[in-house]
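One letter stands for each residue in the lines below.
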Amino acid sequence: MSDNALSADALARLTAWMDSAGLPGTGDPVEAKFLSGGTQNVIYLITRGEHRSVIRLPPPGAPADRDKGILREWRIIEALDGTDVPHTKAIGVCPDPAVLGRPFYVMGFVDGWSPMDQRTWPEPFNSDIALRPGLSYQLAEGIALLSKVDWQAKGLQDLGRPDGFHERQVQRWTGFYDRIKGRELPGMDEATTWLQHHAPLDFIPGLMHGDYQFANVMYKHGGPAQLAALVDWEMGTVGDPKLDLAWMVQTWPDDPCAPEASDTGYVDMRYMPTRDQVVAHYADVSGRQVDDLDYYLILAKWKLAIVLEQGFQRAGDDVKLQAFGPIVPELMASAADLAASTTYAG
């Protein structure tokens, strides 16, 4: 038995809980297969007869506050039922740690593929470049639809604090950087000052993902491109959905047709639409204006630089975290450069 496998006792407790909750497959044996996991979450594929589902829970060593985080994720997934947002089906939640050691929830199995699992785009998107733009348009459409969810009607009033959202972003992340600071980041002061003296044209609170990118969506098999689900809601909250948009496009290549577009990130961006085209699609679907996008881009670059700096400062011998070292100053300089050059004066 692998270190990540559920023990026979855990499977027996899980089976009893699933039966008591009336989940599909009552009477059939439960099989659990470890799919993935890290320091914050582990994911198991659950098979029971013809029914497949997925369990997500914190690993034993995760901080205690991840228990609340898991239950928070569940609230978002449950709220998405009945909406147009592609999502995993909400099946059941167990706040009792006596079953598997930590609270967990059960969601529907998604028969699709993740861009994180691909060295190249799966067919037909690898060979038919005319289909590739659809992947980006679908990505933008996912958060555009998310921004339209009536979060108040879904009972998510206490999920976030939209009042003062932007003021708190600057205060929170400036304070966070001060606590983890191990070096000077050129452009930090300039970008911070700009954010303190500017604001978006409008602020319409909405449900946001918090870490929206190709890594956190799944697509249906085959073409044309169609989102199967938005996944990984660890950072989900009620805030400003346009920050999701900026997070998604902040490193978008200037020229997706250039050869170097294949090296701009963890996915091949060649033959994708331009950033302006993707942003325009978001605006069309969401109904939100995007004339103040530069504000959100500066905030996204600035915030991501601080987030990655934390990883770099605690890298130790971790080569992956060490790689953030040169990336962080580039991001912060990019935020400062855009702050200095933008014509946005809101």
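Our structure is the block above this text.
A short tour of the structure in this document, coming up. Per chain, the residues get numbers from 1 upward, laid out in the order the sequence is written. Given that this is a predicted model, residues contribute local features only at a pLDDT of at least 70 and side-chain atom pairs are listed and counted only at 80 or more, while totals for whole chains, interfaces and linings are drawn from all residues. To obtain the side-chain values, all non-hydrogen atoms of the structure were included, while hydrogens and water were left out.

1. A few points about the overall build of the protein
Part 1 of the argument: Counting its regular elements, the protein contains 11 helices and 10 strands.
Part 2 of the argument: Taken over the C-alpha trace, the protein has a radius of gyration of 21 Å; the compact-globule value for 346 residues is 20 Å, and the two agree within 12%.
Part 3 of the argument: Principal-axis analysis of the C-alpha atoms gives the protein an extent of 65 × 50 × 45 Å.
Part 4 of the argument: Within the protein, the fraction of its 346 residues that count as buried is 50%. Put simply, DSSP H or I for four residues or longer makes a helix, DSSP E for two residues or longer makes a strand, and each gets a number counted from the N terminus. Note that the radius of gyration is over C-alpha atoms, with the globule rule given as 2.2 Å times the number of residues to the power 0.38. Relative accessibility under 20% of the residue-type maximum defines a buried residue, over 50% an exposed one, and the middle range a partly exposed one, all with a 1.4 Å probe and only protein chains included.

2. A word on the packing of helix α4 (residues 133-146) against helix α8 (residues 275-286)
Part 1 of the argument: Note on geometry: axes are C-alpha line fits, over the in-contact stretch for helices, and angles between N-to-C directions span 0 to 180 degrees. Packing of α4 against α8 brings their axes to within 8 Å, and their N-to-C directions diverge by 35 degrees. The crossing of α4 and α8 is right-handed. The residues of α8 that touch α4, namely those facing Ser136, Tyr137, Ala140, Glu141, Ile143, Ala144 and Leu145, are Gln277, Val278, His281, Tyr282, Val285 and Ser286.
Part 2 of the argument: Its residues assigned to classes, the contact of α4 with α8 comprises eight nonpolar, four polar and one charged. Handedness of a crossing follows from how the near helix is turned relative to the far one, being left-handed for an anticlockwise turn of less than a right angle and right-handed for a clockwise one. Any pair of residues with heavy atoms lying within 4.5 Å of one another is described as a contacting pair. Here the nonpolar group is Ala, Val, Leu, Ile, Met, Phe, Trp, Tyr, Cys and Pro; Asp, Glu, Lys and Arg are the charged ones; every other residue, Gly included, is treated as polar.

3. Quick look at the pattern of salt bridges
Part 1 of the argument: Each salt bridge in this description consists of a side-chain nitrogen of Lys or Arg and a carboxyl oxygen of Asp or Glu lying within 4 Å of one another. As enumerated under the stated definition, the model contains 12 salt bridges in all.
Part 2 of the argument: As a salt-bridge pair, Asp232 and Arg56 come within 3.0 Å of each other at their nearest N and O atoms. Highlighted residues: Asp232 in the loop between β9 (227-230) and β10 (237-239) and Arg56 in strand β3 (residues 51-57), separated in sequence by 176 residues.
Part 3 of the argument: Judged by its relative accessible area of 32%, Asp232 is partly exposed.
Part 4 of the argument: Note that Arg75 is salt-bridged to Asp158, the shortest N-O span being 2.8 Å. Here Asp158 lies in the loop between α4 and α5 (165-180) and Arg75 lies in helix α2 (residues 65-80), a separation of 83 residues in the sequence.
Part 5 of the argument: Residues joined in a network through salt bridges with shared partners are Arg56, Arg66, Glu73 and Asp232.

4. Quick notes on the packing of aromatic side chains
Part 1 of the argument: By convention, a stacked pair of Phe, Tyr or Trp rings (six-membered ring in the case of Trp) has centres within 6.5 Å and planes under 30 degrees apart, an edge-to-face pair has planes over 60 apart, and any other such pair is tilted. This model, assessed by the stated rule, comprises 13 aromatic pairs.
Part 2 of the argument: Relative to Phe104, the ring of Trp17 lies with its centre 5.1 Å away and its plane at 75 degrees, an arrangement referred to as edge-to-face. Taken together, the residues Trp17 in helix α1 (residues 8-20) and Phe104 in strand β5 (residues 104-108) connect sequence positions 87 residues apart.
Part 3 of the argument: Relative to Tyr44, the ring of Phe34 lies with its centre 5.7 Å away and its plane at 70 degrees, an arrangement referred to as edge-to-face. Taken together, the residues Phe34 in strand β1 (residues 31-37) and Tyr44 in strand β2 (residues 42-48) connect sequence positions 10 residues apart.
Part 4 of the argument: Using a relative accessible area of 7% as the deciding quantity, one classes Tyr44 as buried.
Part 5 of the argument: Feature note: the residues Trp113, Trp121, Phe125, Phe214, Tyr219 and Trp252 constitute an aromatic cluster, connected by ring pairs.

5. Describing the sheet that holds β1
Part 1 of the argument: If DSSP finds at least two bridges between two strands, the strands pair. Across the sheet, five strands lie side by side as β1-β2-β3-β5-β4; this open sheet has antiparallel pairing. Pairing within the sheet leaves two strands with one partner each, and these edge strands are β1 and β4 (90-94). Across this sheet, the average inter-strand angle for adjacent strands is 25 degrees, counted without regard to direction.

6. Re the packing of helix α9 (residues 293-313) against helix α11 (residues 324-341)
Part 1 of the argument: At a minimum axis distance of 8 Å, the contact between α9 and α11 shows a crossing angle of 160 degrees. One element, α9, and the other, α11, form an angle in the roughly antiparallel class. In this structure, α9 crosses over α11, and the sense of that crossing is left-handed. Listed contacts from α11 to Asp294, Leu297, Ile298, Lys301, Trp302, Leu304, Ala305, Ile306, Leu308, Glu309, Gly311 and Phe312 of α9 are Phe324, Gly325, Ile327, Val328, Leu331, Met332, Ser334, Ala335, Leu338 and Ala339.
Part 2 of the argument: Across the contact of α9 with α11, the residue classes break down as 16 nonpolar, three polar and three charged. The cut-offs work like this: below 35 degrees is roughly parallel, past 145 is roughly antiparallel, 65 to 115 is roughly perpendicular, and the gaps in between are oblique.

7. Looking at the pairing of β9
Part 1 of the argument: Alignment of strand β8 (residues 217-220) against β9, held across three bridges, turns out to be antiparallel. Bridge assignment links Met218 to a residue of β9, and that residue is Ala229.
Part 2 of the argument: Counting the residues in the hairpin turn of β8 and β9 gives six residues, including Gly222, whose phi is positive at 85 degrees.

8. Overview of α8
Part 1 of the argument: Each residue after the first adds 1.5 Å to the expected span of a helix. For α8, which comprises 12 residues, the first-to-last C-alpha distance of 16 Å matches the rise-based estimate of 16 Å (1.5 Å per residue) to within 8%.
Part 2 of the argument: Considered for burial, the residues of α8 that qualify are Val278, Val279, Tyr282, Ala283, Val285 and Ser286.
Part 3 of the argument: Remark: Gly287 follows α8 within two positions and exhibits a positive phi of approximately 80 degrees.

9. Observations concerning the sheet that holds strand β6 (residues 112-113)
Strand-to-strand pairing in sheets goes through backbone hydrogen bonds, with the strands running parallel or antiparallel.
Part 1 of the argument: Ordered in space as β6-β8-β9, the three strands form an open sheet in which the pairing is antiparallel. Two strands close off the open sheet at either side, each with one partner strand: β6 and β9.

10. A short note on the nonpolar core
Part 1 of the argument: By size, the foremost hydrophobic cluster in this structure holds 86 residues, and its most contacted members are Leu135, Leu207, Phe214, Met248 and Trp302.
Part 2 of the argument: With 12 residues, the single largest contributor to this core is α9.
Part 3 of the argument: The residues touching Trp302, leaving out its near neighbours within four places in the chain, are Gln169, Val170, Trp173, Thr174, Met188, Ala191, Thr192, Leu195, Met332 and Ala335.
Part 4 of the argument: Put simply, a nonpolar core is a bunch of buried Ala, Val, Leu, Ile, Met, Phe, Trp, Tyr and Cys residues held in one set by side-chain atoms that sit within 4.5 Å of each other. Of all hydrophobic cores here, the second largest spans 17 residues; its members include Trp17, Ile46, Cys94 and Val106.

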